[in-house]
Amino acid sequence: MNSTSSCHAELAYKILASLPRSSLAVLQARIAPLLKVDIVGLLPPEIALHVFAYLPYQSLLTCALVSRRWRTLADDQSLWKNLCLSRKWEWRVPSRPFSLGSDSCSEHERSPEADSDDEGMGDEEDSSDDEMQADDSGFASMVVDTLAPSSPSAVQSPVAGPSRSARSARTCHSTPSGFQLQSSAAAHHLKPNFKLLHQTHIRLRNRFMAGSYTLSNLQTRGAPNSHSNTIYCLQLYTYPETGKQVLFTGSKDRTIREWDLSTGSVIRVLEGVHESSVLSICVHRGILASASSDHRVVVWDLSKNEPIRVIRDHEDSVLCVRFDDQRLVSCSKDRTVRTYRFPDLMQQHVLSAHRAAVNAVAISNNLIVSVSGDRSLRLWDAETGALLRTFENHHRRGIASVDFRHPYVLSGSSDKHIRLLDVTTLQGWSTSPSADKQPPVVAELGRGIVCEACGNSTGPGEPSQPPPRRRAHEDLVRSVALGSEFVVSGSYDFTVKVWDRQTGALVADLAGGHTGRIFCVGSDYTKIVSCGEDQRICIWDFSHGVDTSFIRL
């Protein structure tokens, strides 16, 4: 057999050698496909999928264009499920379809004269820097009567942010499109489609990067059954039993309201317990904790719609409250942080190292972070109460807000800047101008600059991109939210800003929604919500026109 094949090959060669070059070129074009072998296509499916599992999602999309066999492999749900799990993107089966709402638009109404006090902030520690003291309008006193109200013109004119025409957005007072489902679309999502889930998340990420959103108001001043005064705090919450997402808000009117995001209506009102402004709320596993300037923390059972514990240990306004499965943590203008253990909520520790009002706390991985008007950030062991680390002068002025997802701590300050810090490596970034003089954070961490599309990188010491664009807020940063890819900040300058979590680059500058200082922001994969002294609840919806009913928020 081998001898016959050799004879045939020799004969074919002699015939080819006798042909002119033009004929050989034609034959080469016809023979070349016969010489190509699809090695991956010849492998057993399990091995081929194992090879494809090493590819990024961009390469999988390219592989799907090669052939039908490769498309079948590249579209395999196991590959896309692993990609989603690596980013903690989960599939949610819609509980019920919602009807498509109206999409009418109307102009904003300017708010009348607003109160100038912010009860949710404590005073800063005294500073020897005279210039700093003279310019310190960030931390207002809790004594309301001593403050003069701001002028109407100061409320009606946004301080910072680009013109509205610079953003792909429109202002609407209808229900955001991201919360509305059609019955036909919901029926198609009963079976998980992880490629669709991944592609939708990428599409939403690109929306954030491009600043493409629609703006709607869940509440405006004077609306029926709404808050009657300044809104200090909010939190998005998804009920684990139904997967339905709602919004909780707390106000100077001493009430807490729960909002149905699909209809824009108030579901319930928690009232009659707090005797003064509700400054902070936290919702988790059917329990809501609220903190107030009446010096109290109230823990509510949402299933029974009633309070189950009232804590009266603080000696001044309770500025922030947070809790997880093990403990509740509160901080106060009395300069202390207090911890309580579930289920009986007996006091566990009193942490009293700060020299000024403790404005905010956060919990993550059995660690507590507290920030204060004394310009320090402190890291505590939640179990023992031990002070693990103190970051003195973490900002140039008092720190107003914090969010914590170990090991990253995000803080906002009266110095108008935000700062992200990895507490394990002490690396991070800041919007302060001095940060632009430093090398990019990714280069400092030794990872270089990586192209997401091709995977090429520039290592340490190689030429890299210029420092990221950072246009800081123009007033105190009152609230921050730390996400998996982006961080969000809300400020007294009436604007909300979105930043790249890794580099600190400014991604989106959201202006025009508020006519007063912003007191709280929250976000998820599809939207940003904000509230403030103008009594508006703004929803910046990045999912307009995109079905997100299958995304677990």
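Residues numbered from 1 in each chain as written. Predicted model: local features only at pLDDT ≥ 70, side-chain atom pairs only at ≥ 80, totals over all residues. Heavy atoms only, no water.

(A) Examining the overall build of the protein more closely. Across its full length, the protein carries 12 helices and 31 strands. Taken over 553 residues, the protein has a buried fraction of 52%. Contacts in the protein between residues at least 24 apart in sequence constitute 56% of all its contacts with a sequence separation of at least 6. (Helix = DSSP H or I, 4+ residues; strand = E, 2+ residues; numbered from the N terminus. Buried < 20%, exposed > 50% of the residue type's maximum accessible area, 1.4 Å probe, protein only. Contact = heavy atoms within 4.5 Å.)

(B) Looking closely at the pattern of salt bridges. A full pass over the atoms with the stated rule returns 21 salt bridges. The partner of Glu383 in a salt bridge is Arg327, with the nearest N and O atoms 2.8 Å apart. Of this pair, Glu383 sits in the loop between strand 17 (377-381) and strand 18 (387-391) while Arg327 sits in strand 12 (residues 327-332), placing them 56 residues apart in sequence. Overall, the relative accessible area of 38% leaves Glu383 in the partly exposed class. (Salt bridge = Lys/Arg side-chain N within 4 Å of Asp/Glu carboxyl O.)

(C) Expanded view of the packing of helix 7 (residues 77-86) against helix 11 (residues 194-210). Relative orientation of the contacting elements helix 7 and helix 11 amounts to 40 degrees, with a least axis distance of 8 Å. The angle between the axes of helix 7 and helix 11 places the two elements in the oblique class. In the packing of helix 7 onto helix 11, the handedness of the crossing is left-handed. Taken together, the residues of helix 11 that come into contact with helix 7 (itself represented by Gln77, Trp80, Lys81, Leu83 and Cys84) are Phe194, Lys195, Leu197, His198 and Gln199. (Axes fitted to C-alpha atoms, helices over the stretch in contact; angles between N-to-C directions. Parallel < 35°, antiparallel > 145°, perpendicular 65-115°, else oblique. Left-handed = near helix turned anticlockwise from the far one by under 90°.)

(D) Expanded view of the environment of Thr425. Mapped onto the fold, Thr425 is located in the loop between strand 21 (418-422) and strand 22 (428-430). Note on Thr425: relative accessible area 40%, which makes it partly exposed. Separated by 18 residues in the primary sequence, Thr425 and Pro407 place their C-alpha atoms 8.8 Å from one another.

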